[in-house]
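Fold and geometry: a report
The chain contents come next:
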Amino acid sequence: MKIFIALFEDTLRAQPYVYTYTDVISRMHPDVTFGAMQGDFWTDKIFEYDIVHIMWPNCFTGAVNKGGDFAKRLQEIKEHHIAIVVTCHNLQPHANVTDSVSAACYDFAYRNCDVMIHLGETSKKLVEKTYSQARHVVIPHHVYDEVYTQMPTREESIKALHLRDDKTYILAFGVFRSEKERDLIRKAARQLRKENVEFLAPSFYMLSWSPRIIGRNSLRRIVTLGKHYLRYPNIKVAGKRCSDEELLWYYGASKIAFIQRTDILNSGNVPLGYLMGKVVVGPKIGNIAELLQAYGNPTFDPTDTDSVINAIRQALRLADGNKGIENREKAIKEITSSKIAQMHYQLYSEIIRKYAE
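Before going into details, it helps to say that this report is about the structure given with it. (Residues numbered from 1 in each chain as written. Predicted model: local features only at pLDDT ≥ 70, side-chain atom pairs only at ≥ 80, totals over all residues. Heavy atoms only, no water.)

1. Remarks on helix 7 (residues 154–161)
Taken as a whole, helix 7 has its buried residues at Ser 157, Ile 158 and Leu 161. Taken down its axis, helix 7 places every buried residue within 100° of arc, on the same side. Along helix 7, the residues that are exposed and aim more than 90 degrees away from the buried face are Glu 155 and Lys 159. Along its buried surface, helix 7 packs onto strand 7 (168–171) and helix 10 (244–253). Looking one or two residues past helix 7, His 162 carries a phi angle of roughly 55°, positive in sign. (Buried < 20%, exposed > 50% of the residue type's maximum accessible area, 1.4 Å probe, protein only. Helix = DSSP H or I, 4+ residues; strand = E, 2+ residues; numbered from the N terminus. Arc of directions from axis to C-beta. Contact = heavy atoms within 4.5 Å.)

2. Here we look at the sheet that holds strand 12 (residues 299–300)
Spatially, the six strands line up as an open sheet ordered 9-8-7-10-11-12, and their pairing is parallel. Two strands bound the open sheet, and with one partner strand each, they are strand 9 (235–236) and strand 12. When strand 11 (residues 279–283) meets strand 12, the two strands line up parallel, connected through two bridges. By the bridge assignment, Gly 282 is partnered in strand 12 with Thr 299. The strands touched by helix 10 are strand 7, strand 8 (197–200) and strand 10 (256–258); relative to strand 7, the strand with the most contacts, the crossing angle is about 130°. (Pairing = 2+ DSSP bridges. Axes fitted to C-alpha atoms, helices over the stretch in contact; angles between N-to-C directions.)

3. Description of the packing of aromatic side chains
Tallying each qualifying case throughout the model produces 19 aromatic pairs. Ring centres 6.5 Å apart and planes at 35° place the aromatic pair Phe 8 and Trp 56 in the tilted group. With Phe 8 in the loop between strand 1 (2–6) and helix 1 (16–28) and Trp 56 in the loop between strand 3 (51–54) and helix 3 (61–65), the pair connects residues that are 48 residues apart, well separated along the chain. Classification of Trp 56 by relative accessible area gives buried; the value is 14%. Residues Phe 204 and Tyr 205 carry aromatic rings whose centres are separated by 5.0 Å and whose planes lie at 80° to one another, so their mutual orientation is edge-to-face. There is no split in this pair, since Phe 204 and Tyr 205 are both buried. Put simply, the rings of Phe 4, Phe 41, Trp 42, Tyr 49, Phe 60, Phe 70 and Phe 108 pair up and form one aromatic cluster. The side chain of Arg 13 reaches across the aromatic face of Tyr 19, ending 4.2 Å from its centre. Its end group placed over the ring of Tyr 295, Lys 330 keeps NZ or CZ at 5.0 Å from the ring centre. (Phe/Tyr/Trp six-rings, centres within 6.5 Å; stacked < 30°, edge-to-face > 60°. Lys NZ or Arg CZ within 6 Å of the ring centre and 35° of its normal.)

Here you go:
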């Protein structure tokens, strides 16, 4: 069984969502081989695969801009009786990716796929009539239990991050994609400032610190960050992406995890928070709401500040009990990498059997 995984980079190691389940499949089923070289997609090498699995359709944007005809290529693949699978991470490109080519890639992939994998029932119900040519299945987002195996204590994490021990920390992890997401944190931080609460938002702003590469835009960001600390001293910013070790410290130091998205379908930070033994609070939108509610975690309306604050306070109360531990135990039971890998393997096998008929 040969499966081509379409990614932004020519390696499965580029995305933990992918390599965590493909590693398990390769280990448990040696008959399966995976490829990810984008160049193969545009040559006859692609016809050696049994399945083409597209993760993010706009990974082909560059090739389309260079004259490659994405829609035509998908049809050629189908004519060679190769199944096209798409995982619906997003219904369309993120708000910060607005070019028409990216949107077209999503449309081409979704309209030409044979199978669409959803991370929740919500997105399945949203699009199964629109893309009725495809078989729609749900395979939940897994936890990265094979990546993060040991968690530091709060004391170790506070020390490593040089934080104060007398504060209550709320983690807002991941890159902030818009001012709406920053405003969500700003408004919450302002209201909770007198309650000894601080937000850890390491990637709130992304900054370049090397004197050799600081340009006008980076200097402007540094000035912005200085002004930010004057107005919002209880939002701690690192200005960079975090290593896996730093990620563990941030979760270790935090009492709850906060999903700052305002317009999104899925978030891997929900199952990640569960794995870390945290209560997770997030927006009542898309598959995020479905996953939060299934585990009994608070949700909020991202357009209503009172709703956000009430959900945070509820999450903090739940964190005083055993809710974080319950989240972890349920996630480890239901959505480990091995369980989700097996669901992918079974689906791949079913697809190949169908095409062999």
